[in-house]
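Coordinate analysis (summary)
Read off the chains here:
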Amino acid sequence: MAGEINKAVFPIAGLGTRTLPATKVLAKEMLTLVDRPIIQHAVEEALSAGIRELIFVTAEAKQIIRDHFQPNVKLERELALRGKQELLETVRSIPPEGISCRYVTQHEPLGLGHAVLCAKPLVGDEPFAVILPDDLIYHDERTCLQQMVEIYREKNANVVAVENVALERVSRYGVVETVSDRDGAKKMKSIVEKPAPDEAPSTLAVVGRYIFTPAIMALLETTPSGAGNEIQLTDAIAALLGTEDVYLCEFQGRRYDCGSILGYMQANVEYALRDEAIGAEFQSYLAELVKD
Ligand code: UTP
């Protein structure tokens with residue numbers, strides 16, 4: 001039987017150059033989507049899939065993220081004094097009781113693979129999830145990580161989330177060649193980082209959700225720096241294929257690239273339209289605006 005996935009790693013030590021100047025000082029994961037920061041959406045997805053331990057790989061400059069997941073005693077006292085019970089519960093439950101938050105610093109942005117490797121001492125010898133908060137994925141019933149955990153439980157193997165992208169966009173992603181197992185489930189046969197459209201093995205692109213067995217850490221330790229002098233997670237996944245299965249989760253849901261300004265704005269509009277408190281009013285406002 002597959003071991004439970006208790007830990008999720010959030011690599012959030014990147015520079016965020018695509019969202020400058022907004023992210024000159026503010027970590028991009030702290031940009032808000034409607035009423036909460038992007039990182040909180042990612043954490044909520046992890047919790048939905050049964051994760052109990054959150055491991056943030058941060059850069060030194062991202063103290064603000066630690067602050068967000070720690071009690072704010074002064075604010076809580078003020079809310080209590082003013083009788084704002086509901087708001088008090090909301091801020092107190094970030095994170096909910098029983099969930100632990102741990103932090104490790106990536107001192108230099110040496111790549112996503114290096115960021116995941118930084119979490120090794122905290123992950124230990126167990127399977128774990130990796131969530132890139134920039135890739136925000138919405139589904140009204142089953143989150144992407146829930147869908148992936150189901151595959152993990154069934155196959156007891158690595159799982160990565162993939163999405164069909166337009167051919168002209170494949171050069172932005174790791175793109176996979178697939179093969180079916182004897183039950184017809186799709187596995188990765190090979191992976192190419194940022195291929196030209198005429199060299200891509202398919203249009204299935206890896207997006208920011210992974211479930212790994214501990215074997216990936218040993219491979220990351222021996223992965224040399226690749227493109228951009230960074231340790232690429234894709235290279236370690238390619239090496240993993242030599243010894244283990246990597247299943248694909250063609251998830252149900254809508255993905256937004258919140259690491260780009262356009263994707264972030266689209267996410268904000270669509271999340272606002274779905275929001276219980278402001279959705280209806282926001283929709284009328286947009287309808288009026290478009291009419292004009
Ligand atoms: P991106 O490719 O989005 O890079 O990283 P970035 O530096 O964050 O942003 P841009 O492209 O300059 O705007 C994908 C994920 O990997 C993390 C990022 O924080 C993001 O969650 N990452 C990347 C690290 O944690 N460390 C790194 O050295 C690189």
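The following paragraphs examine the structure supplied in this document. Since we're looking at a predicted model, the values are computed, not measured.

**Focus: the pairing of strand β10 (residues 186–193)**
- The sheet contact formed by strand β9 (residues 174–180) and β10 spans seven bridges and is antiparallel. By the bridge assignment, Gly174 is partnered in β10 with Glu193.
- Where β9 folds back onto β10 in an antiparallel hairpin, the turn is made up of five residues, including Gly184, whose phi is positive at roughly 90°.

**Here we look at the layout of surface pockets**
- Taken as a whole, the largest pocket holds about 1,200 Å³ of empty space.
- Along the wall of the largest pocket there are 38 residues; nearest its centre are Arg18, Leu112, Leu132, Asp134 and Lys194.
- Listed by contribution, the elements that provide at least two residues to the lining of the largest pocket are β1 (7–12), α5 (112–118), β10, β11 (204–212), α9 (233–240) and β13 (254–257).
- When residues in the lining of the largest pocket are grouped by element, the largest group, four residues, is from β11.

**A few points about the packing of aromatic side chains**
- For the structure shown, the criterion picks out eight aromatic pairs.
- With a centroid separation of 6.0 Å and 50° between ring planes, the pair formed by Phe128 and Phe212 is classed as tilted. One end of the pair, Phe128, is in strand β6 (residues 128–131); the other, Phe212, is in strand β11, and 84 residues separate them in sequence. Pair check on accessibility: Phe128 and Phe212 agree, each one buried.
- Ring centres of Tyr256 and Tyr271 lie 5.7 Å apart, and the angle between their planes is 70°; on these two criteria the pair is classed as edge-to-face. Residue Tyr256 is located in strand β13, and its partner Tyr271 is located in helix α10 (residues 261–274); the two are separated by 15 residues in the primary sequence.
- Chaining the aromatic ring pairs together yields one cluster made of Phe10, Phe56, Phe69 and Tyr103.
- Directly above the ring of Tyr138 sits Arg274, whose terminal nitrogen or CZ lies 3.6 Å from the centroid.

**Regarding the side chain of Gln147**
- The topology assignment puts Gln147 in helix α7 (residues 144–155).
- Apart from residues no more than four positions distant in its own chain, Gln147 is found in contact with His139, Arg142, Cys249, Phe251 and Gln252.

**A closer look at the environment of Glu199**
- With respect to the helices and strands, Glu199 occurs in the loop between β10 and β11.
- Considered as a pair, Glu199 and Val170 are 29 residues apart in the sequence and their alpha carbons are 9.6 Å apart.

**Topic: the nonpolar core**
- Phe10, Phe56, Leu145 and Ile211 are the most contacted members of the largest nonpolar core, which totals 35 residues.
- Counting residues per element, the ones that place at least two in this core are β1, α1 (38–48), β4 (53–58), β6, α7, β8 (158–164), β11 and β12 (246–250).
- The biggest single contributor to this core is α7, with five residues.
- Setting aside residues no more than four positions away along its own chain, Ile211 makes contact with Ile5, Phe128, Ala129, Leu145, Met148, Val149, Tyr152, Asn158 and Val159.

Thresholds applied
Residues numbered from 1 in each chain as written. Predicted model: local features only at pLDDT ≥ 70, side-chain atom pairs only at ≥ 80, totals over all residues. Heavy atoms only, no water. Pairing = 2+ DSSP bridges. Helix = DSSP H or I, 4+ residues; strand = E, 2+ residues; numbered from the N terminus. 1 Å grid on protein atoms, 1.4 Å probe; cavity = no way out; pocket = protein on both sides within 12 Å on 5 of 7 lines; lining within 4 Å. Points joined across faces, edges and corners; volume = space filled by probe spheres on them. Phe/Tyr/Trp six-rings, centres within 6.5 Å; stacked < 30°, edge-to-face > 60°. Buried < 20%, exposed > 50% of the residue type's maximum accessible area, 1.4 Å probe, protein only. Lys NZ or Arg CZ within 6 Å of the ring centre and 35° of its normal. Contact = heavy atoms within 4.5 Å. Core = buried A, V, L, I, M, F, W, Y, C linked by side-chain atoms within 4.5 Å.

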